[in-house]
Amino acid sequence: MAEQYIVGVGAVIASLLGFLFLYCNSLTKFRGLRKLKRAATPKGNSVNKTGNSEGVGTTDIIIVGAGVAGAALAYSLGKDGRRVQVIERDLNTPNRIVGEVLLPGGYIKLIELGLEDCVDEIDAQQFLGYSLYKNGKETPISYPMEKFQSHISGRTSHNGRFVQRLRKKAASLHNVTLEQGTVTSLIEENGIVKGVHYKNESGQVLTAYAPLTIVCDGCFSNLRRSLCYPKVDIPSYLVALTLTNCSLPKKNYGAIILAHPSPIIWYPISSTEIRCMVNVPSEKVPSVSNGDMACYLKTLVAPKVFPEVYNSFISAIEKKGKIRIMPTKIMAAAPHLTPGALLIGDALNMRHPITGGGMTVALSDVVILRDLLRPLHDLSDAFTISKYLESFYTLRKPMSSTINILANVLQKVFSASSNPAMENMQHTFLGYLRLGGVFSYGISAMLFGLCPRPLSIAFHFFSIAIYGIGRLLLPFPSPKRLWDGAEFLWLASSILLPYIYSEGIRQTFFPLTVPAYYRAPPENEDKKNFMH
């Protein structure tokens, strides 16, 4: 009864505070969508032509990297008639332990791109949400799918299988060329990127030229430094195991165990395999080679796993060479405006992978960039095109900032800490989710890419803060409880606000005040000038 009272009061206050946020956000979203739809309407052929024939042997756009973002973008631009050259360092099937979760919001973007069949025939599993477990108690986070068709849901799969399907789809277009090669540098003349230098499979150094080069070569990009401020944080490492002959407590649901010393993440990647990810703080990573990691997993992690997967977990640890580890990376988007070049995907922006939001952000980027490029008939004026495409970095903010902020905040909240205030933060967040309704669905809708509204984060932050402080003050406020409440608010703010700041307060929350938001395609600008 007390919790319901707190939530009732909190909801009223948070609703009043959040109403203006949500109203402004709705206006922003409406105007942004209207602009994109207007810009995305093709007018004739989008490929440059000389007389009645296309320029033979020329390329409109070079794409560096054929991962999820690069392959999807190549297909989308190719379908629009662009001549696209894709240069990928390795066209063999990738063997990665990330990029295995496609959230419902990402699946919707896949449909918008006409690529939904790429999750077929790869043994992808339907993914309906997560269950959080702490001290044996379950808190579900389900997708609010009532407003969507029944086939809309998340998918989990082997990353390599999904990427190969995307590449095959792109390569099926006659005007898209996929080539294996390692891009070593950008070709720059008078401040304009003209193309790339790369080495092909035989080691021969080649050059490729195009009016626009789009770099999306992933989290290990070697071109990032030329195109953005490349500050990367590594808060933790993911230790990955593949389990067989077992199942999770809930079919089609992932699970996150909030345990000390590390959160443990589970999800299916095929009909017979389960991925287990142990998130280990970067300063405490044991060595895999000398057996310390196996000992860590057996002694500190194994006692916390589900009983039904315990034997498979131990078996996976004991398989030689099957413990895989990789750093988690957080990098806010901080691009340099570079004529002739653009940066997208993980090369531009990374968030903690604990929520699996990377592919959703990447596919959202592809949709926005495709729609911006559609009305452009001539890409030769690099400075004008670069100025116009600056709006991409603002238009992507609703999806990217929402998923980035939540993923980065949750990895901190979910990480075990000896600080009692952090422990209380976990209990508060789980209690808030258990309230259900707008509280639970509001968080999950943002988390899974179905409600990309950064201003909703502010609304729920106020709600959670009021709920958490109320829990601490009941049954009556005392000096210690007031102190605990202040400490709770300080801790919550110190976790959330730096990530909001890194995303860019103006672009994220007030995009209508950013001049680039209103930029029309250059052709339209020329028409306006002619009319005047």
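Thresholds, definitions, all that
- Residues numbered from 1 in each chain as written.
- Predicted model: local features only at pLDDT ≥ 70, side-chain atom pairs only at ≥ 80, totals over all residues.
- Heavy atoms only, no water.
- Pairing = 2+ DSSP bridges.
- Helix = DSSP H or I, 4+ residues; strand = E, 2+ residues; numbered from the N terminus.
- Axes fitted to C-alpha atoms, helices over the stretch in contact; angles between N-to-C directions.
- Core = buried A, V, L, I, M, F, W, Y, C linked by side-chain atoms within 4.5 Å.
- Buried < 20%, exposed > 50% of the residue type's maximum accessible area, 1.4 Å probe, protein only.
- Salt bridge = Lys/Arg side-chain N within 4 Å of Asp/Glu carboxyl O.
- Phe/Tyr/Trp six-rings, centres within 6.5 Å; stacked < 30°, edge-to-face > 60°.
- 1 Å grid on protein atoms, 1.4 Å probe; cavity = no way out; pocket = protein on both sides within 12 Å on 5 of 7 lines; lining within 4 Å.
- Points joined across faces, edges and corners; volume = space filled by probe spheres on them.
- pLDDT = per-residue confidence, 0-100.
- Contact = heavy atoms within 4.5 Å.
- Parallel < 35°, antiparallel > 145°, perpendicular 65-115°, else oblique.
- UniProt positions renumbered as here; feature names shortened; annotations may be inferred.

Caption draft 1: How the structure looks around the sheet that holds strand E12 (residues 205-209). Across the sheet, 7 strands lie side by side as E12-E11-E10-E4-E3-E13-E19; this open sheet has mixed pairing. Each edge of the open sheet is held by one strand with a lone partner, namely E12 and strand E19 (341-343). Neighbour to neighbour, the strand axes of the sheet diverge by 40° on average, direction disregarded. Strand direction decides the pairing type here: strand E10 (residues 176-189) and strand E11 (residues 192-200), joined by 8 bridges, are antiparallel. What sits directly across from Val-183, in E11, is Tyr-198.

Caption draft 2: Seen up close, the nonpolar core. In terms of nonpolar packing, the biggest core is built from 71 residues, with Ile-214, Ile-344 and Leu-373 touching the most fellow members. Counting residues per element, this core draws most heavily on helix H8 (residues 358-373), at 9 residues. One finds Ile-97, Leu-433, Leu-472 and Leu-491 within the second-largest nonpolar core, a separate group that totals 55 residues.

Caption draft 3: Structural detail: the pattern of salt bridges. For the structure on display, the rule yields 16 salt bridges. Note that Lys-134 and Glu-423 form a salt bridge whose closest N and O atoms lie 3.1 Å from each other. Here Glu-423 lies in helix H12 (residues 420-434) and Lys-134 lies in strand E7 (residues 129-134), a separation of 289 residues in the sequence. Given the relative accessible area of 29%, Glu-423 is considered partly exposed.

Caption draft 4: Up close: the packing of aromatic side chains. According to the stated counting rule, one finds 10 aromatic pairs in the structure shown. A ring pair is formed by Phe-127 and Tyr-130, whose centres lie 5.2 Å apart and whose planes are at 85°; its orientation type is edge-to-face. According to the relative accessible area criterion, Phe-127 is buried, its value standing at 0%. The class of Tyr-130 is buried, set by a relative accessible area of 3%. Ring centres of Tyr-130 and Phe-448 lie 6.4 Å apart, and the angle between their planes is 25°; on these two criteria the pair is classed as stacked. In this pair, Tyr-130 sits in strand E7 while Phe-448 sits in the loop between helix H13 (437-447) and helix H14 (454-473), placing the two residues 318 residues apart along the sequence. In this pair, the class of Tyr-130 matches that of Phe-448, namely buried.

Caption draft 5: Looking closely at the pairing of E10. Across 5 bridges, the pairing between strand E4 (residues 84-88) and E10 is parallel. Residue Glu-88 lies in a different strand from E10, and its bridge partner there is Gln-180. Two successive antiparallel strands, E10 and E11, enclose a turn made up of 2 residues, where Asn-190 displays a positive phi of approximately 55°.

Caption draft 6: Local environment of empty space enclosed by the protein. For the structure on display, the rule yields 6 cavities of 30 Å³ or more. When its volume is computed, the largest cavity comes out at roughly 290 Å³. Val-409, Phe-429, Phe-461, Ile-464 and Leu-496 are, among the 17 residues lining the largest cavity, the residues nearest its centre. Those elements giving two or more residues to the lining of the largest cavity turn out to be helix H11 (397-414), H12, H13, H14 and helix H15 (479-503).

Caption draft 7: Looking closely at the confidence of the model for the chain. Looking at the chain, the pLDDT average stands at 86 and 86% of residues meet or exceed 70. Counted against residues more than four places away or in other chains, residues 1-57, with its pLDDT under 50, gives 82 contacts. Every residue in residues 525-532 scores below 50 in pLDDT, and together they form 3 contacts with partners more than four places removed in sequence or on other chains.

Caption draft 8: Region of interest: unusual backbone geometry. Here the residue pair Leu-474 and Pro-475 is connected by a cis peptide bond, since its omega of 5° sits within 30 degrees of zero. Structurally, Pro-475 can be placed in the loop between H14 and H15. Phi angles above zero are rare outside glycine, and Glu-121 is one such case at about 60°. Considering the arrangement of structural elements, one finds Glu-121 in the loop between helix H3 (104-112) and strand E6 (125-127).

Caption draft 9: Structural context of the packing of H8 against H11. As a packed pair, H8 and H11 sit with axes 9 Å apart at the nearest point and diverge in direction by 170°. In terms of axis orientation, H8 runs roughly antiparallel to H11. Counting all contacts with H8, which are made through Thr-360, Val-361 and Ser-364, the residues of H11 involved are Met-399, Ser-400, Ile-403 and Asn-404.

Caption draft 10: Expanded view of the UniProt feature "transmembrane region" (unreviewed entry) in the chain. Per the UniProt annotation, the sites labelled "transmembrane region" (unreviewed entry) are residues 6-28, 429-449 and 455-474. Summarising residues 429-449: 81% helix, 0% strand, and an end-to-end C-alpha distance of 19 Å. Regarding residues 455-474, the helix share stands at 95% and the strand share at 0%, and the terminal C-alpha atoms are separated by 29 Å.

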